[in-house]
Each structure stands twice: as C-alpha cells, then as structure tokens.
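If you want the building blocks of each chain, they are given just below.
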Amino acid sequence: MSESQYPQPAPVETRLVFWYFVAGMVYFAIALLAGFFFSLQFLNHYPFAGIEWLSPGRVRMLHTNAVAYGFILNCFLGALHWVVPRLTRYPVASRGLSWFIFWAVQAIVLATAFGLLAGHAQAIEWGETPLYVDPFVVVGLILMGINFSVPIFKASRKPLYVSLWYFSVAFVWTTLNYVMGNFIPQFFTPGAAGAAIVGLFIHDLVGLLVTPIGWGLMYYFVPVILKKPIWSHAVSLIGFWGLAFFYPLQGVHHFFWSTIPMFAQYSAVVSTIGVEVVVMTVFVNFVATVRGRGEAFKQLPIRWFYTGIVFYMITCAQCAYQALLTTQKIIHFTDWVVGHAHLVMFGVFGFWILGIVTELWPRLTGRPWHNPSLNTAHYWLSTAGMLIMFVDLLAAGVLQGYLWQSLAPWEQSLVASVPFWAWRTASGLMIIAGQVLFFYNMWRTAAAPLPAAETKPVPEPVTV
Amino acid sequence: MKRPINIHRLVSWLVVLAVAIGGATFLYKLVEFANTATHEDMPGFALVSVVPYLTATFGFLLLAIWAFLRGHFRDIEQPKYDMLDQEREYDLAEQQRSHPTDPTA
Amino acid sequence: MEQRPVIERFATVTLVAGVGFFGLSVLLFAWLPFQLTRQVPMVTVEEIAKQPIPEFYDLARRYPEQFMKYFGEPNSESYARALRMGRDIYIAEACWHCHSQFVRPVSNEDIRFGRVSYAAEHQNELQLPQLLGTRRVGPDLIRSAGKHGNDWHAAHFYEPRWVVPTSVMPSYKWFFDPPAKPGDPPQPNARGLAIINYVQWLGSWAEPLPPPILPAQAAQP
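Just so it is clear, the model here is predicted, and its values are computed rather than measured.

Cut-offs applied
Residues numbered from 1 in each chain as written. Chains lettered and ligands numbered in written order. Predicted model: local features only at pLDDT ≥ 70, side-chain atom pairs only at ≥ 80, totals over all residues. Heavy atoms only, no water. Contact = heavy atoms within 4.5 Å. Buried area = accessible area lost by both parts, 1.4 Å probe. Salt bridge = Lys/Arg side-chain N within 4 Å of Asp/Glu carboxyl O. Polar contact = N/O pair within 3.5 Å; in protein donor to acceptor, adjacent residues only side chain to side chain. Helix = DSSP H or I, 4+ residues; strand = E, 2+ residues; numbered from the N terminus. Domains from an automatic or database assignment. Phe/Tyr/Trp six-rings, centres within 6.5 Å; stacked < 30°, edge-to-face > 60°. Buried < 20%, exposed > 50% of the residue type's maximum accessible area, 1.4 Å probe, protein only. Lys NZ or Arg CZ within 6 Å of the ring centre and 35° of its normal. Nonpolar A, V, L, I, M, F, W, Y, C, P; charged D, E, K, R; others polar. Axes fitted to C-alpha atoms, helices over the stretch in contact; angles between N-to-C directions. Parallel < 35°, antiparallel > 145°, perpendicular 65-115°, else oblique. Left-handed = near helix turned anticlockwise from the far one by under 90°. 1 Å grid on protein atoms, 1.4 Å probe; cavity = no way out; pocket = protein on both sides within 12 Å on 5 of 7 lines; lining within 4 Å. Points joined across faces, edges and corners; volume = space filled by probe spheres on them. Patch = residues over 30% accessible without salt bridge, like charges linked within 9 Å, V, L, I, M, F, W, Y side chains within 5 Å. Areas by Shrake-Rupley, 256 points an atom, 1.4 Å probe, with all protein chains shown as cover. Core = buried A, V, L, I, M, F, W, Y, C linked by side-chain atoms within 4.5 Å.

Brief notes about the interface of chain B and chain A
Now for step 1: With 28 residues of chain B at the contact, the number on the chain A side is 42 residues.
Now for step 2: For the pair chain B and chain A, the two sides together bury roughly 3100 Å², of which 65% comes from carbon and sulfur.
Now for step 3: The tally of links between chain B and chain A comes to five salt bridges.
Now for step 4: Close ionic contact of Asp91 of chain B with Arg363 of chain A constitutes a salt bridge, the shortest N to O distance being 3.6 Å.
Now for step 5: Our count for the chain B to chain A interface comes out at 13 residue pairs in polar contact (both at pLDDT 80 or more).
Now for step 6: Looking at the side of chain B that touches chain A, the elements with two or more residues in it are helix H2 (43-48), helix H3 (51-69) and helix H4 (78-98) of chain B.

Take a look at the structure:
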C-alpha cells in the first residue's frame, strides 16, 4: 500500500452519512407515531377510526416497515458509509452510485408506505412491501452489496477485521433472503412449506441483515471510542462463524406446533439453542473489552452501546427459552412475542444506532452538541420506557397464554390485557418523549453557527 | 469470627452450578434423542434434523483445521491493532486540517 | 505477509457463510418441507368453488340488491371471485396480523376452536402466500365457518363493539354502502360481502367434531 509521509484523512463522504441519519430519524419519528396510534386501538381510543387509509391494521404495517426499512436500514447505511472507508482505507465503489442508492432507498420506503396504506400489502411478515416494489428492493440490495464490497475486496489482501466479515456477508444474505422470502411463498409454496419459508424470511431479515451490520458496527465503534482494541479477535471469529451457521437454520421456530413437518421444528429448536451459546462468546468479548474502564460509561455512546449489548444478551437468553416447544404452548401468539420484538429492534439495534448518532452527529456537523444534558435525558427516558414496555408485554403475554389455555371466554383475555396495553402506551410515550428531546437537540446542533475556530478558510494540507 | 464473602469464589461456584444444570438437561436431551432415533417408527425422522448439521459443521471444522495447520491464524490478533492505528492516523489528519498552522503538524 | 489467510478473506466469508450456509438452510427448511408437502395435492380456487358454502347463498338472499349489483347470480364463478376478493381484503387490511389460521394440538385449542389443523387444509391457492399468522389478538379463524350467522358478521365488521362489547377490533365502515334512505341499516358492498364469505369459508371443509366436554361439565355428576 502506497502511503504518503503525512497522515491521510479517511475517504468518507460525510454529507451522505449526515443525510442518511436525517432520513433515518424522519422515518423513526413516523414509526414512533404509527406505533403510538396503533397502540391506542387496543384501548379503543383510535383517533382516526373510520378513515380507510389510516386503518389500524395498515398503520401497524407502516410501524414495522418504517422501523425496519426506514429507520434501521437508513441509519445503518449511513454508519456503513462512515465505517467501511475508514476500516478499508478505500472509498466505496462509486460516489454517484452511493447517492443514487440513497435516493432509491427513500423512494422505495415512500412507495412501500403508500402501498401499505393503499391496501397493496403482501402477506409476508416484515416483507409487507407491495409486490410491485419488491424487484426494485432486490436491485437496490445488489447495488448496495457492490458498493460496499469493492472497498472490502480491495482490503482483503490483508486479514480482514471482524467488522468487515459481517458487512461483506450481510448484503449477500439479505439479497438471497429477500428473493426467497418475497417470491417463493407468493407463487410456489402454499401452506406449511410456505410458512417454513416465511419463517426463515422473518428470522433472517433480523438475523442476517440487522444483526450482522449491528455487531459489525459495535466491533468498530466500541474499540475506537474506548481507544482500546477488542479483547480477542480470535473469539470474535467464533462469534461470526457461529452466527453464520446457526442463524439461518432457525426460522421455523416462528411457527411451532403448526403443520410444518416436525423434523424442521425440532431442528429449529436445536439451532436456536446453538446460537445462544455462540452469542455468549460475543457478549464475553465485549464485557472483557470494557473491563477496567468503568469511567467510560460517562460517555453517552458507550452507555448506549453497552445497554444495547446487555439487552441483546437478555433477548438471546429469552430466545433459547421461548423457542422450546414446551414454552411455545403458552407464549406463542401472545404479547410476549411483541415484547421480545420491541426489545430486539429498539432496545438493541435502535439503541446502538442512537449511540452512533450521538457520537457522530457533532463530527458530521462540525458543531458540538447544543445541549448534552438533553442527550442524557434522552438515554434515560428511552431506557426506562423500553424496560417498562418489555416487562409489561412479557407479563401480558404470560397472562394471555394461560387465560387461553384455561378455556375462559376469549373476551376475558382482552379485558385482562387492557391494563397492560395502557402501560404499553404509556411506556411508548416515554420513549417518544426521549426521542423528541433528541430530535430537537439534533436540529439545534445542526442549525447552530459554526464554532469560531472552524470559520477561517482552511488551506489544503500539503501533500508530497 | 465472620469471614467476608469471597465474591470470586461465589461467582466461580455459580458458574459451575449453571454449567452442571445446563449439562444435565443437555444429557437428558441427548438420551431422549438416542431413544427417538432408535425407535422403529421413524429413525430417519430423528436423524434428518441432526445429520445435516453434523455434516456441515464437520466440513467447516476441516477447513478451519487445514487453515490452522497452514499457519493462517498466526497473526489473528493483528487486525484489531491495525484498525486502531488507522484511526489514530485519521484523527491526526483531521487535526492538521482544522489547525493548519499548528507547528506540530 | 506471506501466508494468505483463508478464513478471514472476503471470498471465504461471502461464499461459505453467505451462499453456503444460507443454501444449507434453504435446503433443510424450504426445499425439504416443500418436498414433503408436495404429495398433498394443491387445490385451485376453481376446484374449491365447485361447491359454494350455504352462507354464500344466504348472503345472496339476505342482501339481494347488493349481491346482484356486485356479484350477480350466486354460482361457482361468482363464488370463486368472492373468495379471491375476500382473501385479498384479508391481506390488505392486515387481518392476519391479529388472527391466526391454524389450530395447534396444544393449550386446549382443539376444545376452544375445533379440529387440530392438518397440512392438506393449507394446501390451496388461497394460501399463496400462507396466512398462518403469528399473533392472536382476536381468536383463530380457521374453524370459523358457520360459528356466527352472516348478519352477525355484517354487524361485527361495521362496529365490532355492537356484538362483542369488549372487542378491540377496528370497525370497517368502508365495507358498507351508505343506506339509501336515512334510518335504514348500511348494506355490505362488494368488499363486505367478499370478506364475510371468506371468513365463513374458513374451515367449512373440516367435518364438525362432537361437542367438546368442558372441564366444568365433566366435573358435574
């Protein structure tokens, strides 16, 4: 590698990162509102009752899709545009392609939102994206894969850092998964076989897109902010390959006791427990990294990251327990699963994204945080709201499961759930309040005048 | 005289306990599996859920052992140091940009 | 660096982890279940529609003008059309996010809903994509055929709380045409007729079980 005498800046397209984060936060706000309004339906206080385009069922799909494709995907792409060039020392494949992908993602998310509200949804969980948008998504995923793979491939002459393993495989998986999950059950496999594939799709969207990118980002940001290498790069090898092997094999655990052949259901139990063993190694690796650095938790990003990591450990321990055929008798179909999903998507990946934005926003805008104490309040409101929601929905799930088993009239399970649903809405409001503070802080920071030191014209650095 | 609780010893015993309980349930499941696999009704049924796993794991293990014997894992910890060195360099470059008159640059 | 690493390389990661392990999962959990369920014949809507359910004719009698206007004569052709449309509405309104379509052999579900689900009943064109569902806010629907009358369903879709006071189901007023004269009840439109027909069809193929013995009854002398 040719290296000049002087340190070279990273080939990062900062404006792109900035706009990805802005887009992600806009969709995050929409997703939060959609979730809040949908939760009011459970209290029979839905404000838009009788409006077809804002029917609660459709708004529910808007909530989940805005979270997955609007919030998480946008913010992850932004973070990847920061991390991949810095890790590989190469820019992404093409600047023009990057901006094209940015606008394509926004167009796809908006088209999806329109399709869902207009009633064109596809009956694939997490893949409700209308059928006419799906081919564009596949093309977009392939382009994303190419855009990030080129720098990673160039850097692959040396052993790759663990983050890059995760990144290089995430888009391969997701492209394959998207094609499999959206087209095969739609046209070829009905019923049990279709359910098996949809189970794979639901699980792999979280497991093979969000999880690998999320962990890859953690493997980058935690050591960089701590200024301390990860405890063991070798142990991360186990984590990566264990995830790669076991994660795709678990999808059927979303349909236990269904008409899917039982061998598939048993295999899914085996691999679900298998992956938790692997997750332990990742968890230990991160805990050992931060060991002896208690003062680092004063830094808000580190606090977000490690809260997310602990939540991840909780969801995984929960996963090994809930994906047993015995526990499924009670908790399947209940709010338990909803609580689990919220802890994964917001408590883990949402928290990591918020930590990353907290870290990068001042660097992207070149301005210090308008008011750092708002960010602290943001952290505490989000964490408290998330914990309350999680515990509340878990309890509601157990109650519902036993009420159904007891053969009490169905309505009784609704009446009994109402207090839990009220608490769910309240905890959601806490989370929303935290994000409002954060959005306000982001806006004030970006709108503030540049600090004096930066305003003088900067001459190009001398290079040899 | 009261002895203070040795926190390390306590944690060690808890870990041993957890592993023992986990191991016992695992053993129970293994025995159950062996019983199912030898059941005449459906021996293939039980095997199909495990044999592909074992085959794929074994294949990957062979690849890993081969790579290990070729010495591929000798520098396995190097990338994590390279990564931080690079970051230091980027930070330095950024400082030079924002303070071009800095004599240390 | 003389030794070219293998495990940590781009090609290994994308090919072995990306394509290989994913392919293994597809083989085990998509291809194999597909092969096993393929022996069960796949039923098209036209085959299902050879024998319309009684509730379909009841809809034609109960709402004659509306039915004539949107579906014409009640026959196999209009029945197939109504089934397809009802399924599409079931998906568009995301009914499947709060109602499942399979009865499990556990948790007393066979007593609550009826016969445990079997693979053949999902092996039809209307399960493309499958609608098994993963959440129950409301009850399972795969055994709902004939549990309630068509008028009950019409009232329930218009305002669920009129028939089930504690329901949290949204009302679907757009399944109904506004009444011709003020004071008349709203009449179901094409969508209303189709979704009622679809729900009444769900489970119409499963022969009824003898009435269950509830634990409370069994305990009585």
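Next comes the rest of the write-up.
Section: the environment of Trp257 of chain A
Now for step 1: Note that Trp257 of chain A resides in the loop between helix H7 (233-246) and helix H8 (262-290).
Now for step 2: In this structure, the C-alpha to C-alpha distance between Trp257 of chain A and Leu300 of chain A, residues 43 residues apart in sequence, is 44 Å.
Now for step 3: With sequence-adjacent residues up to four places away left out, Trp257 of chain A is seen in contact with Gln265, Leu325, Gln328 and Lys329 of chain A together with Phe102, Arg104, Pro105 and Val106 of chain C.
Now for step 4: There is a polar contact of 3.0 Å between the side chain of Trp257 of chain A and the backbone oxygen of Leu325 of chain A.

Structural notes on the domain arrangement of chain C
Now for step 1: Structurally, chain C comprises domain 1 (9-34) and domain 2 (49-210).
Now for step 2: With centres defined by C-alpha atoms, the gap from domain 1 of chain C to domain 2 of chain C works out at 40 Å.

With respect to the packing of aromatic side chains
Residues and elements named next belong to chain A.
Now for step 1: Using the criterion set out here, one finds 62 aromatic pairs over all chains in the structure.
Now for step 2: Pairing Phe28 with Phe346 gives two aromatic rings, centres 6.0 Å apart and planes at 35°, and the pair type is tilted. Highlighted residues: Phe28 in helix H1 (residues 14-41) and Phe346 in helix H11 (residues 335-365), separated in sequence by 318 residues.
Now for step 3: Here Phe346 falls in the buried class, since its relative accessible area comes to 11%.
Now for step 4: The ring of Tyr379 has Arg303 lying over it, and the distance from NZ or CZ to the ring centre is 5.3 Å.
Now for step 5: Of note, Arg424 hangs over the ring of Phe42, and the distance from its end group to the ring centre comes to 4.8 Å.

Considerations on the interface of chain C and chain A
Now for step 1: Across the contact, 74 residues belong to chain C and 90 residues belong to chain A.
Now for step 2: Taken together, both faces of the contact between chain C and chain A bury some 7000 Å²; the carbon and sulfur share is 71%.
Now for step 3: Area buried by chain C at its contact with chain A is led by Phe10, Phe29 and Arg112 of chain C, which between them contribute 12% of it.
Now for step 4: When the shortest N-O distance is used, the salt bridge between Arg135 of chain C and Asp335 of chain A registers 2.8 Å.
Now for step 5: Looking at the side of chain C that touches chain A element by element, the count peaks at 21 residues for helix H1 (residues 10-37) of chain C.
Now for step 6: Its residues assigned to classes, the side of chain C that touches chain A comprises 45 nonpolar, 20 polar and nine charged.

Examining the packing of helix H5 (residues 162-187) of chain A against H7 of chain A
All names here are of chain A.
Now for step 1: Packing of H5 against H7 leaves a shortest axis separation of 10 Å and a crossing angle of 10°. With respect to H7, the axis of H5 lies roughly parallel. The handedness of the crossing between H5 and H7 comes out as right-handed. Counted together, Val162, Trp165, Tyr166, Val169 and Trp173 of H5 and His233, Ser236, Leu237, Gly239, Phe240, Leu243 and Ala244 of H7 form the full contact between these two elements.
Now for step 2: The class makeup of the residues in the contact of H5 with H7 is nine nonpolar, three polar and no charged.

What to know about empty space enclosed by the protein
Now for step 1: On inspection of all chains with the given rule, the structure shows six cavities of 30 Å³ or more.
Now for step 2: Surrounding the second largest cavity, Ala123, Ile124, Glu125, Val198, Ile202 and Phe255 of chain A together with Trp96, Gln130, Leu131, Leu132, Gly133 and Thr134 of chain C form its lining.
Now for step 3: Residues that form the lining of the second largest cavity fall into these classes: eight nonpolar, three polar and one charged.

Focus on a nonpolar patch on the surface
Now for step 1: Together, Ile5, Ile7, Leu10, Val11, Leu14, Val15, Leu17, Val19 and Ile21 of chain B make up a nonpolar patch on the protein surface, roughly 890 Å² of accessible area in all.
Now for step 2: Inspection of the secondary structure puts Val19 of chain B in helix H1 (residues 7-38).

Let's talk about the nonpolar core
Residue and element names in this part refer to chain A.
Now for step 1: Phe21, Met25, Leu217, Phe286, Phe305 and Phe349 are the most contacted members of the largest nonpolar core, which has 231 residues in total.
Now for step 2: Top element by residues in this core is helix H6 (residues 191-226). It accounts for 24 residues.
Now for step 3: Ignoring any residue separated from it by four or fewer positions in sequence, one finds Phe21 in contact with Cys75, Gly78, Ala79, Ile356, Val357, Leu360, Trp361 and Leu364.
Now for step 4: Counting residues in hydrophobic clusters, the runner-up holds five residues, among them Ala34, Tyr46, Val59 and Leu62.

Looking at the pattern of salt bridges
Now for step 1: Under the definition given, this model contains 27 salt bridges over all chains.
Now for step 2: Between Arg86 of chain A and Asp91 of chain B there is a salt bridge, with the nearest N and O atoms lying 3.9 Å from each other. Residue Arg86 of chain A is located in helix H2 (residues 56-88), and its partner Asp91 of chain B is located in helix H4; the two belong to separate chains.
Now for step 3: Residue class for Asp91 of chain B comes out partly exposed when judged on its relative accessible area of 28%.
Now for step 4: The partner of Asp140 of chain C in a salt bridge is Arg136 of chain C, and the shortest N-O contact between them spans 3.3 Å.

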